[in-house]
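Here is how the chains run, residue by residue.
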Amino acid sequence: MMSNMERLAYMADQIARNFETQDADTAVHATAEHIRSFWDPRMKERMFAALDGSGADPAPALGPVARAAFALLREQRRPPPEQARAPGAG
Amino acid sequence: MAWIGELDLGTPAPAIVTEKMVALTIDGLETRVPEGTSIMRAAALMGTSIPRLCASDNLESFGSCRLCLVEIDGRGGYPASCTTPVAEGMVVRTQTAKLASLRRGVMELYISDHPLDCLTCAANGDCELQDMAGAVGLRDVRYGYDGATNMGQPKDESNPYFTFDPSKCIVCSRCVRACEEVQGTFALTIQGRGFGSKVAASQDEDFLTSECVSCGACVQACPTATLTEKSVIGIGTPDRAIVTTCAYCGVGCTFRAEMRGEELVRMVPWKEGKANHGHSCVKGRFAWGYANHRDRILSPMIRERVDQPWREVSWEEALTHTAGEFRRIQAKYGTRSIGGITSSRCTNEETFLVQKLVRQGFGNNNVDTCARVCHSPTGYGLKTTFGTSAGTQDFDSVMHADVIMVIGANPTDGHPVFGSRMKRRLRQGAKLIVVDPRRIDLVRTPHVAADHHLPLRPGTNVAVLTAMAHVIVTEGLADEAFIRERCDWDEYQDWAAFVSHPDRSPEAIEKLTGVPAADLRAAARLYATGGNGAIYYGLGVTEHSQGSSTVMAIANLAMATGNIGREGVGVNPLRGQNNVQGSCDMGSFPHEYSGYRHVSDEATRKLFEQDWGVSLDPEPGLRIPNMLDAATDGEFKGLFIQGEDILQSDPNTHHVAAGLAAMECVVVQDLFLNETANYAHVFLPGSTFLEKDGTFTNAERRIQLVRKVMSPKNGYADWEIVQLLANAMGLGWAYTHPSQIMDEIARLTPTFAGVSFEALDRLGSLQWPANEAAPEGTPTMHIDHFVRGKGKFVVTDYIATDEKTGPRFPLLLTTGRILSQYNVGAQTRRTANTAWHPEDLLEIHPADAEDRGICEGDWVALRSRAGETTLRAKVTGRVAPGVVYTTFHHPGTQANVITTDYSDWATNCPEYKVTAVQVSPSNGPSEWQEDYEAQARRSRRIAGHTLEAAE
C-alpha cells in the first residue's frame, strides 16, 4: 500500500490524467483549480515542501501537468495558514 | 384494514386521465366524478360504502366476491359496482331488498366455512369479514357452520414477521393481486378450483422458502386474519397512528406508525406517501425491532484507552470530558487536528448541527459524510454538467419513461419499492437496458425481461458509455435542436469529435469490455430513439476510480439525446441511505456549506459568519480518507462520528484501523457498539428515527417529516446530544425543537428558503428547490434551462484503473447489496431479517469454481493485494467467468480488508467495485478474522455487565 506522501502524489497525477484530453495549459489550470477547491491546506503545504525539498518527504515523482499545477498554486496562494489559531469560542 | 380512518375507495383512480367529468345519481344524491371512475369509487368519494370484500384501492378491480352488486336503472341484472364504470346520467341504487338478500346469500356461503373464533382472533375489530357480516345483516347461515374444506388447516409461521392461517382465507385473491400488481414478485397464486381453491406461495411451499420477499403487501391487503403481522397477534390492535419516514434506504417510504400508547404495534405504508404510494419492503415495514434490541446502548460510556473495558458515566461527565479533550488536542496539535463525520441516517437538522459544530465550534472545515464512499461522484459530476448535485426527476417520472437504462444499480434489492414501480412500468411495455457485470434480478423477472443486458467487465464503465455516445453521434441520433438551445454548441462539438473517434467505437472496445458490439449499438440506438429515455444509476457507477467521469458520461448521453427537463426522462442517481441526499445538502462536505456553496465563496461565508457570530475557515477541510492519512501522520487526533461505521464500511480496513488507533479522542454516537467503537474513547448512545422529530431527504430531493412516536430510550434525541456537546464547548446553542434548526437552514440556504415544518405538514413533502420561485417544490429540474445555465458536455476519456488483474490475482471482485440486510447491517442484523441472509456469500461462476475445486457452500479464501478474508462460496451463473461478487452486511466477513485504496480521481470515492482477487479453498475463517473477532469482543466489554454475544 502507498505511504501518505505517495498517495498525495498519486492523487495529483490521477487528477491530471483525467484532464489530459484538454490542451496542456487548460489541463494545468483545471488540475490546479481542482486541488485548490478540494485539498486541505496541510496537504497542499506538504506537497509544496516536498517539491522544493524543504519538507521531510523526498521529492515525489510527479507528472509534468501536476507539477505545473502546484507551481501555479504556489504563485496564487494566500499566506500560509496559522497553525496555532485560538479555537473558536462560539 | 381500514379501521383507523384511512379511507379505502375500493378501486384505483382511473388509469387514463381525461378532463371529462361524469354526472350520475347514487341513492338519490347527485355527484360528479372523473371519467373512468368505478361506481364503487364514486360512491366511496361521496361517503357511501358499498359492501365489498375483494376490492381495495391499490389493486385493479376483480369482481369475484359478488358483494358490491348494485341496481342500475335501465340495465338488467345486478352488476358489480367495482367493475362497472360510471356513465353520464346513470341512476344507481346501492341498497334494495333484492341486493340485501343477494349479499346475505354471499355472506352465508363465506361463513359456512370459516372459523367462528372472532373474540380471540387477531383480526377482531380489524376484520372486513366481520364488518361485511354486520353490514349485510347476516343472522343465520342455512348451511350450518361446519365447513368441510377450509377449517383446521395448519398455520404457516415460517416468515419471522407474519403468519399465514389458511383456515381463515376467503380466497378473495387480494394477496395474490397485491404480490403481482404492487410488488411485482408474483410469488402467490390460487391453486385448485371451487371449494378446493387455496392460496399457495410459489410451488405450495412455506412463505420463507418461497419466492416471497416479505414486503407485506399481501398482509396489508388481506381482509381477514389469514395474513396477519405477528406483532398484532402478540400485542393487539393499535389505537392511534403517526405518519413518519423510514430510516433505511433512499426511497424514503412514509409509514403510519400504528401505536398503542408508546408501543409500536406495526408500520403500515402511508397511501399518501409520494415516494412509495402505500407500498414498502421487508425492512421498512417489519425490521424496526432493533430499537429494542438488547445490544442497544442506553448510557454514555468513556474509557482512557481502547484496550480497557467501557465505564458507564453520566451525560454531563461524558460531554465535559469530550469537550475538554477536543480543546486540549487543538491546543496541542492545532485547530485543524480534529473533525467530525455526519451521519446519512440522521435527520437534516442533526447533520446541519454537526457541521455547524465543526465549523463554528472546532473552527475548521474537517467535516465529511458517508456520501464520500457512495455518491460523492454524483455530487461532482452533476454539479459540473448540470449545476446541481442531485437527481433530476421524482420517482413517479418512471411511469412516463419509454426506455429505462439501469447502470450499476440493482433496484429490486437496493431500492425495492422503487424497483416495484419500475417493474410495473416495464410490464406496461417500456423497454429495459441493463448495464451490469452481473445478471441482476431485473434482467429476467416475472413478466419483465431486459431488452439488452450489457455484462461489462468491472472498471470499463466509461469505455462503454463513450461507445454509446459514439453510436449516437456517428449515426446521427443526437437531438441537435435540444443541444443548440440548452447546451454550449462548441463544447458539444469538441465532445462529439472526441467520441466519434474510431478507437471509441463499440467494435474497438469489445475485447476490453466484454460487451458484444452489436448489443451495445442496439442499446444505444434504443436509448436515443425509443422515446422518453431515463437513466437510473447506482454505486456500480460511482464506486470506481473514474466514478465522477462515468456520472458525467451519463449526463452527456442525456443531454445529447434531449432526455432532460420533462417527465419520463432524466438522470436519476439511486441514492442509498435514507438521508444521504440530505446530509450532502446540509453542507457535510469539507469544501461546501449547505446548498453546495464552496467555502471559499466570500458572500456565502459572510452569511454564515454573521448568523453564527464567528469567523470561518475559507480553506477546504479533510475528507475521511485524508483524515485517516493525517492521523497516521500524527496531525489529526480527534474525531466525532455520528451514526457511521467507517471501520466496517470504508475500504482498506487495515488503514482505517491504523488511523483510528493513532487518534487520541474518538467519539462515537450510535445505537450500538459498532466496529468503529472498537477504537473509541467516548460512546454517546443515540436515538432511533422513532424517537425524534426532524426531516429526511430522499433520492428525489423530497424532504419529508420524521415524527417522534416514542420517548428516546437513551434519554435524548440525537440533535439534543449534539447541542449538549456544543454547549459543553461554549457555543451557547438554544434550540428547543428541530423546526427551529430547519428555520435556520432555510434562512441560510436559498434552495431551502421555503422549507419549514409547517409547510411540510401542510403539503406532505417538498422537493427542493423550494423557495419563492417554487413554493411547492420542484419535481422535475432543468425544465427550461439548466441550473448552471447551459448544460456542459465534458470529455471523459477512458483511463483503465490501476487495479490490474494478473497471474497472482486473476479475478475481479465486485460488491453489492441484498434486499433483507441493509448496508453494514447494524440495524438489520439486530432484527429477524437474519432469517434470510445470515452470512455474506461469494458468488463465483461454475467454470472458475471448478478450476479451483470449489463446491457450493465451501469455505474459500478471498485474497487481494490489500489483505485476505474467508467466506462461503455460492456457485452461480449470475456472474460472468472472471468476476466474483459478494455483499458486505456482516462485520465477520471483513470484506473491506480486501478492497484497495484506489479511489475516484475527483472525490476519493473508493473503488469498491473493482478489486483484483484470487479465490482458493480454505479451512475456515482467516487469522485476521479471528484476531479481529477477539479484539472486537474485548473492546465491547462494559464494566459491570456480563459478557454477551455480539448479536
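To start, this report covers the structure provided alongside it. (Residues numbered from 1 in each chain as written. Chains lettered and ligands numbered in written order. Predicted model: local features only at pLDDT ≥ 70, side-chain atom pairs only at ≥ 80, totals over all residues. Heavy atoms only, no water.)

Here we take up the overall build of chain A. Tallying secondary structure elements over chain A gives 4 helices and 0 strands in all. The N-to-C order of helical and strand elements in chain A reads α-α-α-α. Burial analysis of chain A (90 residues in total) assigns 44% to the buried set. Sequence-distant contacts, at least 24 apart, represent 59% of the contacts inside chain A between residues at least 6 apart. Per element, the accessible surface of chain A, about 4,500 Å² overall, is 56% carbon and sulfur. (Helix = DSSP H or I, 4+ residues; strand = E, 2+ residues; numbered from the N terminus. Buried < 20%, exposed > 50% of the residue type's maximum accessible area, 1.4 Å probe, protein only. Contact = heavy atoms within 4.5 Å. Areas by Shrake-Rupley, 256 points an atom, 1.4 Å probe, with all protein chains shown as cover.)

Right, let's get into the sheet that holds strand S20 (residues 452-454) of chain B. Residue and element names in this part refer to chain B. Across the sheet, 5 strands lie side by side as S20-S17-S16-S21-S22; this open sheet has parallel pairing. Lying at the two open borders of the sheet, with one neighbouring strand each, are S20 and strand S22 (570-573). The average undirected angle you get between the axes of adjacent strands in this sheet is 15 degrees. Running at roughly 125 degrees to S20, helix H17 (residues 517-529) makes contact with strand S16 (403-407), strand S17 (431-435), S20 and strand S21 (533-537) of the sheet. (Pairing = 2+ DSSP bridges. Axes fitted to C-alpha atoms, helices over the stretch in contact; angles between N-to-C directions.)

Below, the discussion takes up the nonpolar core. Residues and elements named next belong to chain B. Grouped together as the largest cluster of nonpolar side chains are 70 residues, with contacts concentrated most on Phe207, Leu227, Ile404, Met422 and Leu432. By residue number, the principal contributor to this core is helix H12 (residues 416-427), which donates 4 residues. Setting aside residues up to four positions removed in sequence, leucine 227 forms contacts with Phe162, Thr163, Phe164, Cys175, Phe207, Cys218, Val219 and Cys222. In this structure, Leu319, Ala717, Ile721 and Leu725 belong to the second largest nonpolar core, which totals 61 residues. (Core = buried A, V, L, I, M, F, W, Y, C linked by side-chain atoms within 4.5 Å.)

All names here are of chain B. Following the sequence through the fold, aspartate 645 ends up in the loop between strand S25 (638-642) and helix H23 (646-649). A relative accessible area of 6% means that aspartate 645 is categorised as buried. Remark: the alpha-carbon pair of aspartate 645 and alanine 826, spanning 181 residues in sequence, is separated by 8.8 Å.

Okay, the interface of chain B and chain A next. Note: interface size is frequently given as the accessible area lost on complex formation between the parts. If you look at the interface, chain B gives 48 residues, while chain A gives 31 residues. When chain B packs against chain A, the two sides together hide about 3,500 Å² of surface, and 48% of this comes from carbon and sulfur. For the chain B face of the interface with chain A, the top three residues by lost area are Arg336, Asp901 and Trp905 of chain B, together amounting to 19%. Summed over the shared surface of chain B and chain A, the result is 6 salt bridges. The closest approach of N and O atoms between arginine 7 of chain A and aspartate 629 of chain B, which form a salt bridge, is 3.0 Å. Applying the counting criterion to the chain B and chain A interface returns 16 residue pairs in polar contact (both at pLDDT 80 or more). Put simply, the parts of the chain that give the side of chain B that touches chain A at least two residues each are helix H8 (315-333), helix H9 (348-362) and helix H22 (624-632) of chain B. Examining the composition of the side of chain B that touches chain A, we find that 4 residues originate from one element, H22 of chain B, more than from any other. Residues of the side of chain B that touches chain A, tallied by class, amount to 14 nonpolar, 22 polar and 12 charged. (Buried area = accessible area lost by both parts, 1.4 Å probe. Salt bridge = Lys/Arg side-chain N within 4 Å of Asp/Glu carboxyl O. Polar contact = N/O pair within 3.5 Å; in protein donor to acceptor, adjacent residues only side chain to side chain. Nonpolar A, V, L, I, M, F, W, Y, C, P; charged D, E, K, R; others polar.)

Moving on to empty space enclosed by the protein. Scanning the model with the defined rule gives 15 cavities of 30 Å³ or more in all. In this model, the second largest cavity occupies a volume close to 250 Å³. Of all the secondary-structure elements, those providing two or more residues to the lining of the second largest cavity are helix H1 (4-18) of chain A together with H22 and helix H24 (653-661) of chain B. The dominant element in the lining of the second largest cavity, judged by the number of residues it contributes, is H22 of chain B, at 5 residues. (1 Å grid on protein atoms, 1.4 Å probe; cavity = no way out; pocket = protein on both sides within 12 Å on 5 of 7 lines; lining within 4 Å. Points joined across faces, edges and corners; volume = space filled by probe spheres on them.)

Once that is clear, we can look at H9 of chain B. Residues and elements named next belong to chain B. In a regular helix each residue adds 1.5 Å, so 15 residues correspond to 21 Å; H9 covers 20 Å between its end C-alpha atoms and thus fits that length. The buried fraction of H9 amounts to 15 of the 15 residues, a majority that puts the element mostly inside the structure. Of the residues flanking the end of H9, it is glycine 363, one or two places downstream, whose phi is positive at about 80 degrees. (Expected span 1.5 Å × (residues − 1).)

A word on the side chain of asparagine 563 of chain B. Residues and elements named next belong to chain B. Here asparagine 563 lies in the loop between helix H19 (547-560) and S22. Here the side chain of asparagine 563 touches glycine 533 through a polar contact of 3.1 Å, landing on its backbone nitrogen. A distance of 2.9 Å separates polar atoms of two side chains, one belonging to asparagine 563 and the other to threonine 561.

Taken together, the side chains of Asp204, Glu205, Asp206 and Glu211 of chain B make up a negatively charged region of the molecular surface. Within the secondary structure, aspartate 204 of chain B sits in the loop between strand S7 (198-201) and helix H5 (217-221). (Patch = residues over 30% accessible without salt bridge, like charges linked within 9 Å, V, L, I, M, F, W, Y side chains within 5 Å. Lys, Arg positive; Asp, Glu negative; His and termini not counted. Charge placed at Lys NZ, Arg CZ, Asp CG, Glu CD.)

It is worth spelling out the packing of H1 of chain A against helix H3 (residues 41-52) of chain A at this point. Residues and elements named next belong to chain A. Axis separation between H1 and H3 bottoms out at 11 Å; the angle between their running directions is 95 degrees. In this view, H1 runs roughly perpendicular relative to H3, as classed from their interaxial angle. In this structure, H1 contributes Asn4, Met5, Leu8, Ala9 and Met11 to the contact, and H3 contributes Met43, Arg46, Met47 and Ala50. Tallied by class, the residues present in the contact of H1 with H3 amount to 7 nonpolar, 1 polar and 1 charged. (Parallel < 35°, antiparallel > 145°, perpendicular 65-115°, else oblique.)

To continue, consider the sheet that holds strand S32 (residues 841-844) of chain B. Residues and elements named next belong to chain B. One closed barrel accounts for 6 strands, arranged S31-S35-S32-S34-S33-S36; its pairing is mixed. Neighbour to neighbour, the strand axes of the sheet diverge by 45 degrees on average, direction disregarded. Summarising the sheet, strand S33 (residues 859-864) and strand S34 (residues 868-875) pair through 5 bridges and their orientation is antiparallel. The residue of S34 that forms the bridge with alanine 861 is threonine 870.

Moving on: unusual backbone geometry. Residue and element names in this part refer to chain B. Between tryptophan 768 and the following residue, proline 769, the backbone shows a cis peptide bond with an omega angle of 0 degrees. One can find proline 769 in the loop between strand S30 (766-767) and strand S31 (811-816). Not every positive phi belongs to a glycine, and aspartate 204 is a case in point at roughly 55 degrees. Within the chain, histidine 277 stands out as a residue other than glycine whose phi angle is a positive 45 degrees. Within the secondary structure, histidine 277 is located in the loop between strand S11 (263-269) and helix H7 (282-286). Among the residues examined, histidine 277 registers a relative accessible area of 32% and is labelled partly exposed.

Time to look at the pairing of strand S14 (residues 338-342) of chain B. For a regular strand, side-chain orientation follows a simple rule: the groups alternate between the two sheet faces. Residue and element names in this part refer to chain B. Among the 5 residues in S14, 5 count as buried, and that is most of the element. Residues Ile338, Gly340 and Thr342 line one face of S14 and the alternating positions Gly339 and Ile341 line the opposite face, and both faces are buried. Bridge analysis of S14 against S25 gives 4 bridges, and the strand direction is parallel. Counterpart to isoleucine 341 in the pairing with S25 is isoleucine 641. As judged from the 3 bridges shared by S14 and strand S15 (residues 367-369), these two strands associate in the parallel manner. In the strand pairing of S15, threonine 342 is matched with threonine 369. Read from S14 through H9 to S15, the crossover connection turns out right-handed. (Right-handed = clockwise from strand over helix to strand, strands pointing away.)

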